[in-house]
Amino acid sequence: MIFSKNEKRMKVLKFGGTSVGSVESILSLQKIVEGQTQKVVVVVSALGGITDKLIATSKMAMDGNTKYEEEFAAMVERHHCMIDAIITDDEKRTALRVVIDKLLDELKSIYYGVYLIRDLSPKTMNAIVSYGERLSSQIVATLIKGAKWYDSREFIKTEQKHGKHVLDSELTNRLVEQTFKEIPQVALVPGFISSDETTGEVTNLGRGGSDYTASIIAAALNAEVLEIWTDVNGFMTADPRVIRTAYTINELSYVEAMELCNFGAKVIYPPTIYPVCVKNIPILVKNTFNPENPGTIIKDKIANDSKAIKGISSINGTTLITVTGLSMVGVIGVNRRIFTALADNGISVFMVSQASSENSTSIGVRDEDAEEAVKVLNIEFAKEIETGAMYPMHAESGLATIAIVGENMKHTPGIAGKLFGTLGRSGISVIACAQGASETNISFVVDSRFLRKSLNVLHDSFFLSEYKVLNLFICGVGTVGGNLLEQIRSQYNELMTTRRLKLNVVGISSSRNAIFNRDGIDLNTYREQLKASAPSNLKKMRDEITGMNIFNSVFVDCTASHDVATIYQTLLDHNISVVAANKVAASSEYKNYLMLKKTALKRGVKFLFETNVGAGLPIIGTINDLRSSGDKILKIEAVLSGTLNFIFNEIAADVPFSETVKRAMEKGYSEPDPRIDLSGKDVIRKLVILTREAGYKVEQDDVEKHLFIPDDMFEGTIEEFWKKLPSLDADFESKRKVLEKENKKWRFVAKMEQGVTSVSLQAVDQRHPFYELEGSNNIVMLTTERYLDYPMLIQGYGAGAGVTAAGVFANIMSIANI
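Bear in mind that the values here come from a model prediction, so they are computed numbers and not experimental data.

Procedures and definitions
Residues take numbers from 1 onward in each chain, read along the sequence in its written order. Residues qualify for local features only when their pLDDT is at least 70, as the model is predicted, and side-chain atom pairs are given and counted only at 80 or more; totals for whole chains, interfaces and linings, by contrast, use all residues. Remark: hydrogens and water are excluded; side-chain values derive from all non-hydrogen atoms of the structure. Helix and strand definitions follow DSSP, with helices as H or I runs of at least four residues and strands as E runs of at least two, each counted in order from the N terminus. It is over C-alpha atoms that the radius of gyration is taken, and the globule rule equals 2.2 Å times the number of residues to the power 0.38. Burial classification: accessible surface area is computed with a 1.4 Å probe over protein chains only, and a residue below 20% of its type maximum counts as buried, one above 50% as exposed, and the rest as partly exposed. Contacts are assigned to residue pairs that have any heavy atoms within 4.5 Å of one another. Using a 1.4 Å probe, the Shrake-Rupley method yields the accessible areas, and only the shown protein chains count as cover for residues. Here pLDDT means the predictor's own confidence in every residue, given as a number from 0 to 100. Residues grouped as a nonpolar core are buried Ala, Val, Leu, Ile, Met, Phe, Trp, Tyr and Cys residues, joined through side-chain atoms within 4.5 Å. For this document, the term salt bridge refers to a Lys or Arg side-chain nitrogen within 4 Å of an Asp or Glu carboxyl oxygen. Two strands pair if DSSP finds at least two bridges between them. Axis lines are fitted through C-alpha atoms, for helices just across the contact stretch, and the angle between N-to-C directions can take any value from 0 to 180 degrees. Note on angle classes: values under 35 degrees are labelled roughly parallel, values over 145 roughly antiparallel, values of 65 to 115 roughly perpendicular, and the remainder oblique. Rotating anticlockwise by less than a right angle from the far helix to the near helix defines a left-handed crossing, while the corresponding clockwise rotation defines a right-handed one. In this classification, Asp, Glu, Lys and Arg are treated as charged, Ala, Val, Leu, Ile, Met, Phe, Trp, Tyr, Cys and Pro as nonpolar, and every other residue, Gly included, as polar. Pairs were defined over the aromatic rings of Phe, Tyr and Trp, the Trp ring being its six-membered one, requiring ring centres within 6.5 Å. Orientation was assigned from the angle between planes: stacked under 30 degrees, edge-to-face over 60, tilted for the rest. The definitions used throughout rest on a 1 Å grid laid over the protein atoms alone, on which a cavity is an enclosed set of points accommodating a 1.4 Å probe that cannot get out and a pocket is an open set flanked by protein within 12 Å on both sides along at least five of seven lines; lining residues are those having an atom within 4 Å of a point. Grid points are joined across faces, edges and corners, and a volume is the space filled by probe spheres set on the points. The directions from the helix axis to the C-beta atoms are what the arc is built from. A helix's residues, less one, multiplied by 1.5 Å, set its expected span.

A look at the overall build of the protein chain
Phase 1 of the analysis: Within the protein chain one finds 28 helices and 30 strands.
Phase 2 of the analysis: Compactness check: the protein chain gives a C-alpha radius of gyration of 37 Å against a globular reference of 28 Å for 818 residues, more than 25% above the reference.
Phase 3 of the analysis: Seen along its three principal axes, the alpha-carbon backbone of the protein chain occupies a region of about 115 × 70 × 60 Å.
Phase 4 of the analysis: Counting all 818 residues of the protein chain, 52% fall into the buried class.
Phase 5 of the analysis: In the protein chain, the share of contacts with a sequence separation of at least 24, taken over all contacts with a separation of at least 6, comes to 71%.
Phase 6 of the analysis: Accessible surface, the protein chain as shown: approximately 37100 Å² in total, 50% of it carbon and sulfur.

As for the confidence of the model for the protein chain
A low pLDDT means the predicted coordinates there should not be read in detail.
Phase 1 of the analysis: Averaged over every residue, the pLDDT of the protein chain is 92; the share at 70 or more is 98%.
Phase 2 of the analysis: For residues 1–7, every residue scores under 50 in pLDDT, and the model assigns this stretch nine contacts once sequence neighbours within four places are set aside.

As for the nonpolar core
Phase 1 of the analysis: Membership of the largest hydrophobic core comes to 98 residues, with the highest contact counts inside it found for F555, Y568, I636 and F657.
Phase 2 of the analysis: Broken down by element, the residue count for this core peaks at six residues, all from helix α25 (residues 681–693).
Phase 3 of the analysis: With residues near it in sequence (within four places) discarded, I636 still touches I623, L690, A694, A750, K751, M752, V780, M781 and L782.
Phase 4 of the analysis: Grouped together as the second largest cluster of nonpolar side chains are 52 residues, V189, I249, A257 and F263 included.

Considering the pattern of salt bridges
Phase 1 of the analysis: Counted under the stated rule, the structure contains 36 salt bridges.
Phase 2 of the analysis: A salt bridge links K597 to E693; its shortest N-O distance comes to 3.1 Å. You can see K597 sitting in helix α20 (residues 590–603) and its partner E693 sitting in helix α25, a full 96 residues away along the chain.
Phase 3 of the analysis: Judged by its relative accessible area of 29%, K597 falls in the partly exposed class.
Phase 4 of the analysis: Residue E693 is classed as buried on the basis of its relative accessible area of 2%.

Topic: the sheet that holds strand β21 (residues 514–516)
Phase 1 of the analysis: The sheet built from six strands is open, its strands ordered β21-β20-β19-β22-β23-β24 with mixed pairing. Only two strands of the sheet have a single partner each, and these edge strands are β21 and β24 (607–608).
Phase 2 of the analysis: Across the sheet, helix α17 (residues 538–548) is in contact with β19 (468–475), β20 (501–509), β21 and β22 (553–557); its angle to β21 comes to roughly 10°.

What to know about unusual backbone geometry
Across the chain, the bulk of peptide bonds are trans and the bulk of non-glycine residues have phi less than zero.
Phase 1 of the analysis: Of note, the phi angle at N222 is positive, near 55°, even though the residue is not glycine.
Phase 2 of the analysis: Take N222: its relative accessible area is 35%, and that puts it in the partly exposed class.
Phase 3 of the analysis: In the Ramachandran plot, R500 falls in the positive-phi region, its phi being about 55° despite a non-glycine side chain.
Phase 4 of the analysis: Within the element layout of this structure, R500 appears in the loop between α15 (479–498) and β20.

A look at the packing of helix α22 (residues 642–650) against helix α23 (residues 657–666)
Phase 1 of the analysis: Relative to each other, α22 and α23 sit at 135°, their axes nearing to 9 Å. As the angle between them shows, α22 and α23 are arranged oblique. Judged by the twist between their axes, the crossing of α22 over α23 is right-handed. Where α22 abuts α23, its residues T643, F646, I647, F648 and E650 lie against F657, T660, V661, R663 and A664.

What about the environment of T57?
Phase 1 of the analysis: Within the secondary structure layout, T57 lies in helix α2 (residues 50–62).
Phase 2 of the analysis: The sequence separation of T57 and K67 amounts to ten residues, and the corresponding C-alpha distance is 8.4 Å.
Phase 3 of the analysis: If we ignore the near neighbours within four places in the chain, the residues touching T57 are Y68, E71, F72, M75 and Y111.

Quick notes on the packing of helix α4 (residues 90–117) against helix α5 (residues 122–143)
Phase 1 of the analysis: Between α4 and α5, whose axes approach to 10 Å, the crossing angle comes to 170°. On the basis of the axis angle, α4 is roughly antiparallel to α5. Each of K92, L96, V99, I100, L103, L104, E106, L107, I110, Y111 and V114 in α4 lies in contact with α5, whose residues at this interface are T124, I128, Y131, R134, L135, Q138, I139 and T142.
Phase 2 of the analysis: Looking at side-chain class alone, the contact of α4 with α5 contains 13 nonpolar, three polar and three charged residues.

Things to note about the sheet that holds strand β2 (residues 40–44)
Phase 1 of the analysis: With respect to topology, eight strands assemble into an open sheet ordered β3-β6-β2-β1-β9-β11-β12-β10, the strand pairing being mixed. Sheet topology places β3 (147–149) and β10 (251–253) at the edges, where each strand pairs with a single neighbour. Neighbouring strand axes in the sheet, compared pairwise and without regard to direction, differ in orientation by 20° on average.
Phase 2 of the analysis: Relative to β2, strand β1 (residues 11–15) is paired through five bridges, and the arrangement is parallel. Counted as the bridge partner of K11 is V40 from β2.
Phase 3 of the analysis: Lying over the sheet, helix α1 (residues 23–34) contacts β1, β2, β6 (186–190) and β9 (225–230), oriented at roughly 175° with respect to β1.

Digging into the packing of aromatic side chains
Phase 1 of the analysis: Counted by the stated rule, this structure contains 21 aromatic pairs.
Phase 2 of the analysis: Ring plane angle 35° and centroid distance 5.4 Å describe the contact between Y68 and Y115, whose orientation is recorded as tilted. Within this pair, whereas Y68 is found in helix α3 (residues 68–86), its partner Y115 is found in helix α4, the two being separated by 47 residues in sequence.
Phase 3 of the analysis: For the ring pair F72 and Y111, a centre distance of 6.0 Å and an interplane angle of 75° mean the geometry is edge-to-face. With a gap of 39 residues between them, F72 in helix α3 and Y111 in helix α4 connect regions that are remote in the sequence.
Phase 4 of the analysis: Under the relative-accessibility criterion, F72 is labelled buried at 10%.

Quick notes on empty space enclosed by the protein
Phase 1 of the analysis: Summed over the entire model, instances satisfying the criterion amount to one cavity of 30 Å³ or more.
Phase 2 of the analysis: If you add up the space inside the largest cavity, you get close to 40 Å³.
Phase 3 of the analysis: As for the largest cavity, its lining consists of K453, I545, T546, N549, I550, S553, H574 and I576.
Phase 4 of the analysis: Tallied by class, residues from the lining of the largest cavity come to three nonpolar, four polar and one charged.

Overview of α17
Phase 1 of the analysis: Taken as a whole, α17 has its buried residues at M541, I545, T546 and M548. End-on view of α17: buried residues confined to an arc of 165°, all on one side of the axis. The outward face of α17, more than 90 degrees from its buried face, is lined by the exposed residues K539 and G547.
Phase 2 of the analysis: Close packing links the buried residues of α17 with β19, β20, β21, β22 and α19 (568–573).
Phase 3 of the analysis: Positive phi shows up at N549, right after α17, with a value of about 50°.

Topic: the pairing of β9
Phase 1 of the analysis: Counting buried residues along β9, six of its six residues qualify, which places the element largely inside the surrounding structure.
Phase 2 of the analysis: By the bridge criterion, five bridges tie β1 to β9 in an arrangement that is parallel. Bridge assignment links L13 to a residue of β9, and that residue is E227.
Phase 3 of the analysis: In the sheet, β9 pairs with strand β11 (residues 283–287) via five bridges, with the strands oriented parallel. Paired with E227 across the strands is L284, a residue of β11.

Considerations on the environment of G604
Phase 1 of the analysis: Take G604: it is sitting in the loop between α20 and β24.
Phase 2 of the analysis: C-alpha separation for the pair G604 and G427, spaced 177 residues apart in sequence, amounts to 8.0 Å.

Structural notes on helix α27 (residues 729–741)
One turn of the α-helix equals 3.6 residues, which is why residues spaced by three or four share an orientation.
Phase 1 of the analysis: Helix length check: α27 (13 residues) gives 19 Å between terminal C-alpha atoms against 18 Å at 1.5 Å per residue, within 8%.
Phase 2 of the analysis: Trailing α27 by a residue or two, N743 shows a phi angle of about 55°, which is positive.

Digging into the environment of A806
Phase 1 of the analysis: Tracing the backbone shows A806 in helix α28 (residues 801–816).
Phase 2 of the analysis: For A806, a relative accessible area of 36% puts it in the partly exposed group.
Phase 3 of the analysis: Once the C-alpha coordinates of A806 and V480 are considered, the two residues, 326 residues apart in sequence, prove to be 9.0 Å apart.

Put into structure tokens, the structure is as follows:
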């Protein structure tokens with residue numbers, strides 16, 4: 001087609017099924033086309049869903065199911081309703097009805113014939129599916145002012161090759177140029193359909209063929225641009241149905257677009273790209289429902305393109321077939337036989353991975369082709385299998401294939417390392433991978449159960465790297481858990497702004513209820529949401545957390561529950577980090593403690609419990625840092641119970657021992673049952689944890705105990721304990737007076753020296769570092785090989801919900817900083 005110097009080159013606009021599927025969309029199409037300032041060829045698909053309906057109805061007719069008539073009647077009604085809704089001119093509507101009804105009568109006769117003879121040949125099926133575009137194009141041609149309808153069967157020609165209808169490009173290009181030698185303002189063309197160059201029979205270009213029709217016409221007429229109008233804003237960085245943070249890609253190269261299309265991005269039909277690519281005609285993908293959006297432009301060269309990765313695409317329902325055998329090594333022609341056998345049977349291979357030793361080749365096919373592919377290959381290599389030179393084909397289903405695409409990967413070192421490192425840290429195993437020398441696509445296969453998680457973690461890593469996301473499950477909403485949730489809520493915006501960190505609370509559980517939301521829970525209303533939620537239990541909570549399979553996830557235990565601690569192993573095994581205010585796990589049997597630590601290390605996640613000792617004080621972290629730098633912990637002396645320190649600081653002539661215990665509970669320093677504190681059990685657990693972190697093997701039973709109240713105080717109910725407690729006041733007062741005269745104070749001291757541990761109530765004088773310890777504070781004195789003459793002191797608040805929650809928060813932040 002020849003254009004004058006002052007005449008704009010024409011454009012080709014293609015509208016898909018959703019763009020002609022409703023009254024709203026088809027009127028938007030009209031507005032878009034009539035708003036064009038240059039000549040256009042408009043290619044349309046069938047009304048949304050009609051092609052599937054045509055096929056399903058034909059199969060019902062072939063099966064002798066009379067309900068095909070109801071399905072056909074529904075299609076007739078839909079087209080009539082569309083005409084009545086959008087064609088307001090009575091004369092035009094009547095004339096269009098005549099044309100449409102004639103086509104529908106033809107279709108009805110074909111269906112009846114199929115029903116009578118119970119046979120549906122490919123020729124008949126091709127004829128049936130052609131009516132979708134033939135009907136829709138007539139409706140749109142009547143709607144658009146000045147539009148002229150063209151029959152694409154007259155100029156889109158196919159030929160028979162290997163039993164399939166393929167485009168005859170040379171003939172088609174010639175006929176397109178002849179047909180549109182003089183183009184009207186709007187030429188309206190049905191997409192998808194074609195005809196055989198020899199017989200004239202109706203054929204088609206395959207599913208998505210309307211895109212291909214538009215591309216063929218655009219290339220033949222040397223169009224300025226090919227516009228693909230659909231129901232999305234363009235190519236997205238990932239599937240928005242899976243990745244809610246996916247966003248539109250502004251520009252893609254032809255190669256990048258082709259790679260994304262081949263791996264599941266269903267924005268345009270893959271063959272569409274080639275004809276316009278050869279002519280260097282850009283493709284613009286636009287949204288019929290949001291025409292103001294700029295969309296995605298696909299072209300040869302992209303200026304100022306700095307992004308290494310443009311998009312992530314995936315194919316679920318993958319089967320990996322492995323062809324293996326020692327006879328394959330060094331033998332020429334094995335791969336040719338594999339691919340020839342599959343191609344001859346119409347089986348498409350979308351990924352190939354071969355070991356450098358050449359003794360195995362793995363190929364990716366769709367699940368629906370897997371059984372046939374295995375059969376074909378077993379037949380092809382029957383002799384080799386019989387002699388043992390090769391093994392029978394091994395097929396592994398339940399997989400998904402993911403591809404990251406970007407032409408700039410070849411200029412950016414470390415992309416593959418970042419890819420596999422990100423997957424590995426998320427506990428996702430790569431089963432097979434492939435990368436061509438062009439480095440525009442890295443494809444890999446994973447278990448389909450991890451598809452969503454893989455896409456999320458990769459999208460976050462490559463596209464949202466300005467924000468790091470941690471997904472938090474908070475267990476326990478009491479004083480510590482409640483304070484933690486409030487701290488997260490109040491710091492949320494600050495962390496987003498200054499640290500580029502998003503703390504996404506995706507699960508909250510109390511002792512009876514639990515709520516989960518992958519997108520995040522509103523922390524302003526979580527208590528109301530918990531009350532309104534269904535009852536839950538530990539098993540349901542564990543299964544929900546592991547079942548969500550969410551990336552960068554952290555389980556935060558703000559309880560004191562033995563039962564909750566039992567699920568840590570399962571969570572770590574699922575690559576979920578654990579932050580525990582709960583002391584149970586770290587002070588449990590040494591083999592359990594060690595297993596949790598080893599699992600976290602193996603899985604590349606964290607098991608942190610800084611607040612188990614000293615609430616928010618950096619005691620465990622300091623011990624770990626000292627050991628990591630090569631120092632050795634020789635002795636630990638500590639006051640580790642803020643409760644007991646408060647009690648022995650409060651005791652006075654006018655404040656008896658029993659009253660100090662009550663005050664400790666009222667202020668929230670003690671456990672709900674203060675006997676846990678008074679028994680020294682809490683201190684023993686803390687000492688065991690510190691000793692283990694210092695590098696020594698110890699159990700709770702190994703700790704030598706020197707307690708300060710009789711054993712019978714720990715028997716009976718809590719009510720009985722409170723009744724008996726005042727009986728100890730006189731003895732404590734007499735001992736206190738002696739201490740006062742000697743200018744000493746009581747401290748309940750935990751001690752470890754060279755792995756030997758003990759707890760006891762000690763009287764310390766003014767020269768001792770523990771003498772001035774106030775309130776509920778804790779203090780730890782570390783003697784190490786480096787800090788031998790002058791031990792290191794760590795001192796501060798050792799109890800209280802606020803500081804404990806802050807310590808838990810600090811552990812969470814340390815995971816975010818990895």
